[in-house]
Each structure stands twice: as C-alpha cells, then as structure tokens.
Amino acid sequence: MWTALSRAWTQRREAQALRRHAIPEPLWQLTLLRYPFLAERSEADLAELRRLCSLFLASKEFHGVGGFEVSDEVALAVAAQACLPVLRLGLSWYEGFVGIVMHADEVVAQREFMDEDGVVHAFEEELAGEAMEGGPLMLTWSAMEGLPDPAAAQDQAIFNVVIHEFAHVIDMRDGWADGVPPLANSQAREQWLAVLEGQWQRFCERVDAGEPSLIDPYGAESPEEFFAVAVEAFFVAPKAMRAEEPVMYQLLADFFKQDPAA
Ligand SMILES: [Zn+2]
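Every chain's residues receive numbers from 1 upward, in the order its sequence appears when written. Given that this is a predicted model, residues contribute local features only at a pLDDT of at least 70 and side-chain atom pairs are listed and counted only at 80 or more, while totals for whole chains, interfaces and linings are drawn from all residues. Just so you know, side-chain values use all the structure's heavy atoms and leave hydrogens and water out.

For the rest of this paragraph, the subject is the side chain of Glu-165. Helical segments are the DSSP runs of H or I of at least four residues, strand segments are the runs of E of at least two, and each set is numbered from the N terminus. Examined against the element boundaries, Glu-165 turns out to sit in helix α6 (residues 161-171). There is no salt bridge for the buried Glu-165, and the closest opposite charge comes from Arg-111, which lies 9.0 Å off by N-O distance. Any two residues whose heavy atoms approach within 4.5 Å at even a single point are treated as in contact. If sequence neighbours within four positions are ignored, Glu-165 has contacts with Gly-129, Glu-130, Ala-131, Leu-137, Met-138 and Leu-139. Note on classification: 1.4 Å probe, protein chains only; a residue is buried when its accessible area is under 20% of the maximum for its type, exposed when over 50%, partly exposed between these limits. As used throughout, the charge tally considers Lys and Arg to be positive and Asp and Glu to be negative, leaving His and the chain termini uncounted. Salt bridges are counted wherever a side-chain nitrogen of Lys or Arg sits within 4 Å of a carboxyl oxygen of Asp or Glu.

Structural data, given as structure tokens:
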C-alpha cells in the first residue's frame, strides 16, 4: 500500500517537474547542434535524454559567479551532457549534490604539493571544472560553449569538461575518487581494478612515447583521471574510442549499459 502510494506521489512530482521544466524545441535543437555526439543518438535515446534534462534542471541549482548569467541555454548545455552518462542508470547517481557553480572563464586555483624531500611547492592551476564529493560542482562556460569545428584535426584528443566532471561524480559516489565507481560486489570491483590498472599502464606508456591518442593525455596523471578522460571519449567519439581502446570501451559499455558506437 505504502509503496503504491509512494510511487504515485513520485510520479506526480515527476510529472510536475516535467511540465515546469519542459524544454522548448528551439533550445533543444540548438543544444543538439552544439553537441553533435548528442544528435547522433537514436530518437528513443533523445526522448529519454530530454526527459532526464527536465528532471535534472528541476533538482539542481545553478549559480553564476562574477556576473556570469546562467541562461536557459547554458543550463541545458550542462544538463544534456551531464544526463548522457546516466541515461540508463538514472539521475539518483547525482543525488549527492545540488549546486552547480558556473564561471565565464577558466579559474586560476592556488595549489601546493610536497615533494619527496618534504619541500612544499606552490603553483597555479587553470581549472575548466572541478567536482568535489558532496558538491558543489564547478564548470566554466568558455570551456564548453564552442560549436564543433569541422576542420579540427582528426587525431586531436577529446576534451569535454561536463562529461569529465560528472564522470568524477559517478566515480566518487562511493566516497572515493579512485577510478572505480560503485559496483555490484567486491568481485566486480577486483575485476574492474585489474582492467583499469592494466589499461592505464598501457596508456601511460603510449603517452610517454609521445603517441597521439583520442583519450586526453591528462589521463596519465592517475587512474581516476584516466577513468574520467576515457568516459569523455566514450561518449563524445564512441566509434573512434572503440577502435583505439576496445578493452576500456567494453568496460564502460557494460557499466553505463550503453553501446554508443553501435
Ligand atoms: Zn579530472
């Protein structure tokens, strides 16, 4: 009884959110034009993506920093790319945070690290986005606004800041940013780790050798960054990703329950 009532209540709230945050057709078309990897999806996928976008926009709060205005166009550009990875998994993966902080341009963050001799070095890092456990998530519009350049080199590494940061959110759902998202059991976790470690080592060797790759060389930083940049390539250039990194492609296809290259 309670379950039936609760389900009816959830459905009513969803219907309400879908009505209030219905996406106007011209805005939806603009978003598909801006991100061709979305436009390539099937009609059924796009209908579900559009539905998830309305629910995402109903449940997240955007804050513009330094006078940056988060227009409907900007919010939808974030929502559409963020919802793609959870198309089959559901929005509950993003329940851990509400706020999305947006800057017009890249942010300079002051960082420190301690070297092997215990000496602390200060340096500046330019950030296009940042995900923290428990949120908020930070994104910069200048890193994600560009319409695709058809003349762009074929062998250029994929860069997609929204998918990158939301991949970190998915990875951190179990409290750890380690390149291993929450999985069904410890056996699945061990299998994942074995594949990820092997593929990451292989990737690092290729980056060290100066070989071009579809996956952003930044992935050589750590297994968790490798996971995030691999997820970017998986969704933005699935066919090329499957050809270049078939093992990683399959790992991600099984996890996300999607086969975007098909
Ligand atoms: Zn990252």
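Still more to cover.
By definition, two strands form a pair when at least two bridges between them are found by DSSP. Pairing in this open sheet of four strands is mixed, and the strands run β1-β2-β6-β5 from one edge to the other. Whereas interior strands pair on both sides, the edge strands pair on one side only; in this sheet they are β1 (61-64) and β5 (129-130). Of the strand pairs in this sheet, strand β2 (residues 99-103) and strand β6 (residues 137-140) are connected by four bridges, and their pairing is parallel. Within β6, the residue paired with Val-101 across the bridge is Met-138. Note on definitions: angles span 0 to 180 degrees between N-to-C directions of axes, and those axes are lines fitted to C-alpha atoms, for helices only across the stretch in contact. Sitting on the sheet, α6 touches β2, β5 and β6, and the angle it makes with β6 is about 170 degrees.

On to the coordination of the zinc ion. Metal donors: N, O and S atoms at distances within 2.8 Å, or within 3.2 Å for Na, K and Ca, with water omitted from the atom set so that some sites may seem incomplete. For the zinc ion, the full set of protein donor atoms is His-164 (NE2), His-168 (NE2), Glu-225 (OE) and Glu-225 (OE), and the range of their distances to it is 2.1 to 2.7 Å. One can describe the site at the zinc ion as irregular: its four donor atoms subtend angles covering 53 to 145 degrees at the metal. Along the chain, the residues donating to the zinc ion fall in the pattern H-x3-H-x56-E. Separated by 57 residues along the polypeptide, His-168 in helix α6 and Glu-225 in helix α8 (residues 223-236) bring together distant segments of the chain. The exposure classification of His-168 matches that of Glu-225, with both residues buried. Geometry is assigned from the angles between donors: four donors with all angles from 85 to 135 degrees make a tetrahedral site, four or six donors whose opposite pairs exceed 155 degrees while the rest stay between 65 and 115 make square planar or octahedral sites respectively, and everything else is labelled irregular.

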